[in-house]
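Given next are the chains, with one letter for each unit.
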Amino acid sequence: MALYLLMALTDSVVVLVAPAWVTYHSQVTLTGKKSIVIQTTYEDGWKLTPHSLAQAVERQAQPYENKLVIFTNPGNPSGQVYTAEELRELAEVFRKYKMIVVSDEIYSYSTYDDTDYVSLSKFYPEGTVITTGLSKWASGGGWRIGYAMFPPELSFLRNLLGSAASHTFTCAAAPQQYAVSEYFNNHEACAEYMKHCTRILHAVSLFCSRKLREAGLKVKDSNASYYMYPDFSNFRDKLAKRSIFTAEEMCAVMFTETKVALLAGGVTHLDSPESLTVQLCYVNFDGKAALAASRKIGLATKIGDEFVLKNCGTTVEAIGEITKWCTKLQES
């Protein structure tokens, strides 16, 4: 809701980085604002680059007109995390064109141990609004509660948002308020929970990406969250022989033949229409049982494929079905 209200309240062109979360563009449409969509690539790790950002802005008739950038880090649907150097270089471009950046950092607490997470606000504090919440890392997907942090330079926008929010929703539901209070007063328990969850997801992520690459897919290892963005373009010719030309068509056929549901990339995520990408969510296992197993092992002991095979069976099965489907396709 905060993102939508920020789009509606600012007299700005909205800049979206593709692939993007599926509702962003619809929210822009509802506000009646103009949007600029910047495509990222597999080669760039599905990340915005300073060059592509500057190029997209300079193509506009008024490069310095107000712009609101929706910037997601860690990425959704890619699971990629920007490095400090990448953020520093992007900040220079944001500052040059005086852009307001909404940095959606809802998955920041789910960053894996081998990745250092840095917020864009470290390098562009005066122009960055951070939005985040408890829905993702705290496994409360159905309980939408979040918060936004504004720098002093954007206090006018914070005040506008507060006023608009009072006409949109009154407050968070009481159970959510109790949960948030527990979080802010029990950091030790929350930190322990996050460490177990992220190491489980990291192990599952590495297992999935390795198996998919072995099957011939192009896929980057995720750095956070529970998503990855596999690319089936290596199978384009084989798929065409079956009259499959889009990610939507491919996902529909795969579901029929394997009973594995994937969310199509392509236009669904503002990717190019010919893209054969999908968003793969790898949490279709019993999280409660996996968490108990991880706690029993202890954080001092590393986990890997053995843990995944033993405790994340439905995900392992689904990845197996995808790889078998790809093998069969390749041999056709």
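Computed from a predicted structure; not experimentally measured.

K.L.:
Can you tell me about the packing of helix α7 (residues 187-214) against helix α12 (residues 313-331), naming the residues and giving the values?
P.N.:
Interhelical geometry of α7 versus α12 gives an angle of 15° and a closest axis separation of 10 Å. Between α7 and α12, the interaxial angle falls into the category roughly parallel. Crossing geometry of α7 relative to α12 is assigned as right-handed. Counted together, Val204, Phe207, Cys208, Lys211 and Leu212 of α7 and Thr315, Val316, Ile319, Ile322 and Thr323 of α12 form the full contact between these two elements.

K.L.:
Summarise the packing of aromatic side chains; cite the residues concerned and give the values.
P.N.:
Under the definition given, this model contains 13 aromatic pairs. Both rings, one in tyrosine 42 and one in tryptophan 46, keep their centres 6.3 Å apart while their planes meet at 75°; by these two values the pair is edge-to-face. Just as tyrosine 42 is buried, tryptophan 46 falls in that class too. Relative to phenylalanine 235, the ring of phenylalanine 232 has its centre 6.4 Å away and its plane inclined at 50°; by these criteria the two rings are tilted. Phenylalanine 235 sits in the buried class, given a relative accessible area of 1%. Here lysine 47 stacks its cationic end above the ring of tyrosine 82, 5.7 Å away from the centre of that ring. Positioned over the ring face of tyrosine 42 is lysine 220, at 4.4 Å from the centre of the ring.

K.L.:
So what's going on with the nonpolar core? Which residues, and what values?
P.N.:
Ranked by internal contacts, the top residues of the largest apolar core, which has 45 residues, are Phe232, Tyr282 and Ile322. Among the secondary structure elements, those contributing two or more residues to this core are α7, β7 (227-228), α9 (247-258), β9 (278-281), α10 (287-297), α11 (305-311) and α12. Setting aside anything within four residues of it in sequence, one finds isoleucine 322 in contact with Leu212, Phe232, Met254, Val260, Leu262 and Leu280.

Calculation criteria
Residues numbered from 1 in each chain as written. Predicted model: local features only at pLDDT ≥ 70, side-chain atom pairs only at ≥ 80, totals over all residues. Heavy atoms only, no water. Axes fitted to C-alpha atoms, helices over the stretch in contact; angles between N-to-C directions. Helix = DSSP H or I, 4+ residues; strand = E, 2+ residues; numbered from the N terminus. Parallel < 35°, antiparallel > 145°, perpendicular 65-115°, else oblique. Left-handed = near helix turned anticlockwise from the far one by under 90°. Contact = heavy atoms within 4.5 Å. Phe/Tyr/Trp six-rings, centres within 6.5 Å; stacked < 30°, edge-to-face > 60°. Buried < 20%, exposed > 50% of the residue type's maximum accessible area, 1.4 Å probe, protein only. Lys NZ or Arg CZ within 6 Å of the ring centre and 35° of its normal. Core = buried A, V, L, I, M, F, W, Y, C linked by side-chain atoms within 4.5 Å.

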